[in-house]
Number of protein chains: 2
Amino acid sequence: MSSVSSLRTAEIIAVGSELLGSTRLDTNSLYIAERLAGLGIELHAKAVVGDDRADIAAMFREALVRTDLVIFTGGLGPTDDDLTREVVADVLGLPLSIDDSIVKSIEQRFARRGMKMPPVNVRQAQVPHGAEVLANPNGTAPGLLIRHDGHLIVLLPGPPREVNPMIDALCAGPLLECIGTERLYRARLFVAGRSESSVEEAAQPLYSKWRDETPPIATTILASPGQVELHLTIRDPDREHAQVRLRHAQEDLHRAVGEDVFSTDGRLLEEIVGEHLVARGYRIAAAESCTGGLLMARLTDVPGSSRYVHAAVVSYDNEAKIDILKVPRALIEQHGAVSEPVAVAMAEGVRALTGAEVAVAITGIAGPGGGTPTKPVGTVVIAILIPEQPAFVRTFSFVGGRSMVRTQAAQAAMDRVRRLLQSSAR
Amino acid sequence: MSSVSSLRTAEIIAVGSELLGSTRLDTNSLYIAERLAGLGIELHAKAVVGDDRADIAAMFREALVRTDLVIFTGGLGPTDDDLTREVVADVLGLPLSIDDSIVKSIEQRFARRGMKMPPVNVRQAQVPHGAEVLANPNGTAPGLLIRHDGHLIVLLPGPPREVNPMIDALCAGPLLECIGTERLYRARLFVAGRSESSVEEAAQPLYSKWRDETPPIATTILASPGQVELHLTIRDPDREHAQVRLRHAQEDLHRAVGEDVFSTDGRLLEEIVGEHLVARGYRIAAAESCTGGLLMARLTDVPGSSRYVHAAVVSYDNEAKIDILKVPRALIEQHGAVSEPVAVAMAEGVRALTGAEVAVAITGIAGPGGGTPTKPVGTVVIAILIPEQPAFVRTFSFVGGRSMVRTQAAQAAMDRVRRLLQSSAR
């Protein structure tokens, strides 16, 4: 059985020179971090190294000093570049040998596609002495689990669709068996429509209180365009005690921040909006100008969104606003395309065109060009029509570049729909 | 002057516990990697560590063994959590002292906003003995540059808007002075509409040839949904020689892969499509179903896209296809919403509605639900109308989950528009 008495800390090492360029990030670590957090295993560090024997070995040796669990992703492919198996075996002093049952399963995988296994793939059947083989349902390279000197070392392939189910299986099996009794519990609150510093100000008195309790609740605040996240963590041997305390803390925080909180369980704004729409039996339509389809793309990113997403018009130029949405030309000439009367007319136009109960219109200046002294880059007008409520329309000033302005505009539009639906439900 | 004779390798250490969770990635490293690559400095590894004194120190010590240049981001704030300055000074054995001119400049920064500097911010004025101070135009924490024992150590703040201009200044100044004469040069080719293995097969003979030349050209292949990238790199003291060889290699590769190559200078597909549209004086309109606005959102992500993006309809349900795009109900009943006749009718409908010269329609099954034995999840039909050409329509089978299918569908639609415009230009 395991020589690891209580797994508490982990480190992730992603192997692959392509992850060191300017276009790719190691995203596997996000999923792994979340699953480890679920087990109360704390991530101490994560690293990316190129396909270099010495660099991989150095990172691995150092990780062994710091942590109980080391998870590698990548470098298990069949080519000479794929070094993880060899380096790990070498550092631990374990001989490698070919596992015939793995060879057979790789051969079968190729055969199912009517292909013959290239000889080079035999490399993927190498197993360090004493390692357990982890099934990889979505690829040729199996994973490996090594128990060594009080450490757990896991080798996983690189592609996310292969890694994720393997991590799930690990967390439900070998890792679950190795965690101690004192675990880490977490809670989150997501906030929209309010600045990080304003959220911090409201939450600060609670932070200080929790920090002095036993065991303390630790807090972290994170901001991204249009969203602020509050994360609470507690380490406690008593699961029920931890969960009760976290729930109370979350409730206190929710009260302090108020209705700007849109999610207390990690769900995204597009999911929350979707649920409100389903609950009311409403369909939603949008008329997007500066966001160019971003709002709809986010709403439809949710599986099952076809229950409530009806249609949208991207009216990127004035003619489209006039021809398709029937915005009066005179209105645009008098107030400009980025104005409250035009936003309302766009929303009315898309509602008339589609028959959806909820209509959203966004018109603004995303930049870098197009700004004026009275309507600088970042000026965005949002109009929303909801049954039995007066039209909502507001002019926002967002900071940042083109992409940030567009992201914030789509986020603000969804958040306002959420608030209007919430208040109409009362 | 610098004791670093020739800066060739670098490592980035991002400091911050918030970067170890499941929601945040260190994105600064992408920008830094790109700028370092421009100077021919190779990134050996990058790491993320939490706000922990021992972990930061360990990562730093190890980085010093491996590389010439160590760049820290984050951990320069004013609070007790911000440890980078102290740990670096400690590891290098350099005393820290308060720099009065930094205190003054932070005080002035606060004063400009009508505020008094909180006493805690004095921490940000601590400077290790002998370090150079790097101006931070967008924040209170200045950067620091330390030359120590043949190494260059750079401390930068965490927020991207503060880091990026500081990296630019470093690359134009201190780093530029320290790089040797032998530099790294790069070229890229982006490919769409072809699998990674098929591109690899076409490129393989060239790879082998280049690897044996002096100096060798190294190649990397990267795949993401709907896109394959070929990266060529060469390390050479002679700039002109390197560039000529890279250009020839790029041309050979372009010939081998053919018209699936859409970019040889790093430009994205949406930019290339935009240029073709501008060159022909065409406007584009789209009718999107399963992609829900994603195609338009990408096209309009390009600054200046208002020159050619006209309008789009997101017809997420059948009624929207019938009411707005005038797709005959009988056509949907006979062939299904995901079919070539319906895709063509959607394209015709959006062209009639908008008057745009180029019309694109996408209808498909993104999943996870909605698949049938004859039309499984991943089935996507794309139709494109271009003046003076017969209608293009094709049924694609994409693999992967909802998000991957949507991404590939938008990418394939843009790629087909590119091909049709390219061929019509001949």
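Residues numbered from 1 in each chain as written. Chains lettered and ligands numbered in written order. Predicted model: local features only at pLDDT ≥ 70, side-chain atom pairs only at ≥ 80, totals over all residues. Heavy atoms only, no water.

*Asks:* Residue-level account of empty space enclosed by the protein, with values.
*Replies:* Under the counting rule described, the total for this entry stands at 1 cavity of 30 Å³ or more. Considering only enclosed or pocket space, the largest cavity measures out at about 130 Å³ in volume. Lining the largest cavity are A:Leu25, A:Asp26, A:Ser29, A:Lys46, A:Ala47, A:Val48, B:Leu25, B:Asp26, B:Ser29, B:Lys46, B:Ala47 and B:Val48. Breaking the lining of the largest cavity down by element, the ones donating at least two residues are β2 (42–49) of chain A together with β2 (42–49) of chain B. (1 Å grid on protein atoms, 1.4 Å probe; cavity = no way out; pocket = protein on both sides within 12 Å on 5 of 7 lines; lining within 4 Å. Points joined across faces, edges and corners; volume = space filled by probe spheres on them. Helix = DSSP H or I, 4+ residues; strand = E, 2+ residues; numbered from the N terminus.)

*Asks:* Provide a residue-level description of the side chain of B:Thr67, including the pertinent values.
*Replies:* Residues and elements named next belong to chain B. You can see Thr67 is positioned in the loop between α2 (53–66) and β3 (69–73). A distance of 2.9 Å separates the side chain of Thr67 from the backbone oxygen of Ala63, its partner in a polar contact. Setting aside anything within four residues of it in sequence, one finds Thr67 in contact with Thr9, Ala10, Glu11, His44 and His151. (Polar contact = N/O pair within 3.5 Å; in protein donor to acceptor, adjacent residues only side chain to side chain. Contact = heavy atoms within 4.5 Å.)

*Asks:* Just give me the short version of the relation of the copies chain A and chain B, but keep the residues and values in it.
*Replies:* When chain A is fitted onto chain B, the two copies agree to an RMSD of 0.7 Å after a turn of 179° and an axial shift of 0.5 Å. Such values leave the two copies arranged in the relation of a two-fold axis. Interface residue correspondence from chain A to chain B reaches 97%, placing this contact among same-surface, isologous pairings. (Least-squares fit on C-alpha atoms with pLDDT ≥ 70 in both.)

*Asks:* Just give me the short version of the pattern of salt bridges, but keep the residues and values in it.
*Replies:* By the definition in use, this model includes 42 salt bridges over all chains. Between A:Asp260 and A:Arg419 there is a salt bridge whose closest N-O contact spans 2.8 Å. Of this pair, A:Asp260 sits in the loop between α8 (239–257) and β12 (261–263) while A:Arg419 sits in helix α14 (residues 402–425); the two residues are 159 residues apart in sequence, bridging distant segments of the chain. A residue is classified by how much of its surface remains accessible, and A:Asp260, at 12% relative accessible area, is buried. Look at A:Arg419 and you get buried, because its relative accessible area is 12%. Of the charged contacts in the structure, one is a salt bridge between B:Asp252 and B:Arg255, with a shortest N-O distance of 2.8 Å. Of this pair, B:Asp252 and B:Arg255 are both found in helix α8 (residues 239–257), 3 residues apart, which corresponds to roughly one turn of the helix. Taking the relative accessible area as the measure of exposure, B:Arg255 reaches 62% and is therefore exposed. Among the ionic contacts, a cluster of salt bridges with common partners joins A:Arg194, A:Glu259, A:Asp260, A:Asp415, A:Arg418 and A:Arg419. (Salt bridge = Lys/Arg side-chain N within 4 Å of Asp/Glu carboxyl O. Buried < 20%, exposed > 50% of the residue type's maximum accessible area, 1.4 Å probe, protein only.)

*Asks:* I'd like a rundown of the sheet that holds strand β9 (residues 183–191) of chain A, residues and numbers included.
*Replies:* All names here are of chain A. Here 4 strands make up an open sheet; going across it, the order is β10-β11-β9-β12 and the pairing antiparallel. Looking at strand neighbours, the two that pair on one side only are β10 (217–224) and β12, the edges of this open sheet. When the angles between neighbouring strand axes are averaged without regard to direction, this sheet yields 30°. Here helix α7 (residues 196–211) sits on the sheet and contacts β9, β10 and β11 (227–236); the angle it forms with β10, its principal contact strand, is near 170°. (Pairing = 2+ DSSP bridges. Axes fitted to C-alpha atoms, helices over the stretch in contact; angles between N-to-C directions.)

*Asks:* Lay out the confidence of the model for chain A with the relevant residues and their values.
*Replies:* Residue and element names in this part refer to chain A. Considering every residue of chain A, the mean pLDDT works out to 90; 98% of them sit at 70 or more. Scored below 50 in pLDDT, residues 1–5 shows 9 contacts in the model against residues more than four places distant or in partner chains. On the interface metric, ipTM, the complex scores 0.74, and its pTM is 0.76. (pLDDT = per-residue confidence, 0-100.)

*Asks:* Break down the packing of helix α7 (residues 196–211) of chain B against α8(B) for me, citing the residues and quoting the values.
*Replies:* The geometry of a pair of packed helices is captured by two quantities: the angle between their axes and the separation between those axes. All names here are of chain B. Between α7 and α8, the least distance of the axes is 9 Å, while the angle of their chain directions is 150°. The orientation of α7 with respect to α8, classified from their angle, is roughly antiparallel. Relative to α8, the crossing made by α7 is right-handed. Seen from α7, the contacting residues are Val199, Ala202, Ala203, Leu206, Lys209 and Trp210; seen from α8, they are Ala249, Asp252, Leu253, Ala256 and Val257. (Parallel < 35°, antiparallel > 145°, perpendicular 65-115°, else oblique. Left-handed = near helix turned anticlockwise from the far one by under 90°.)

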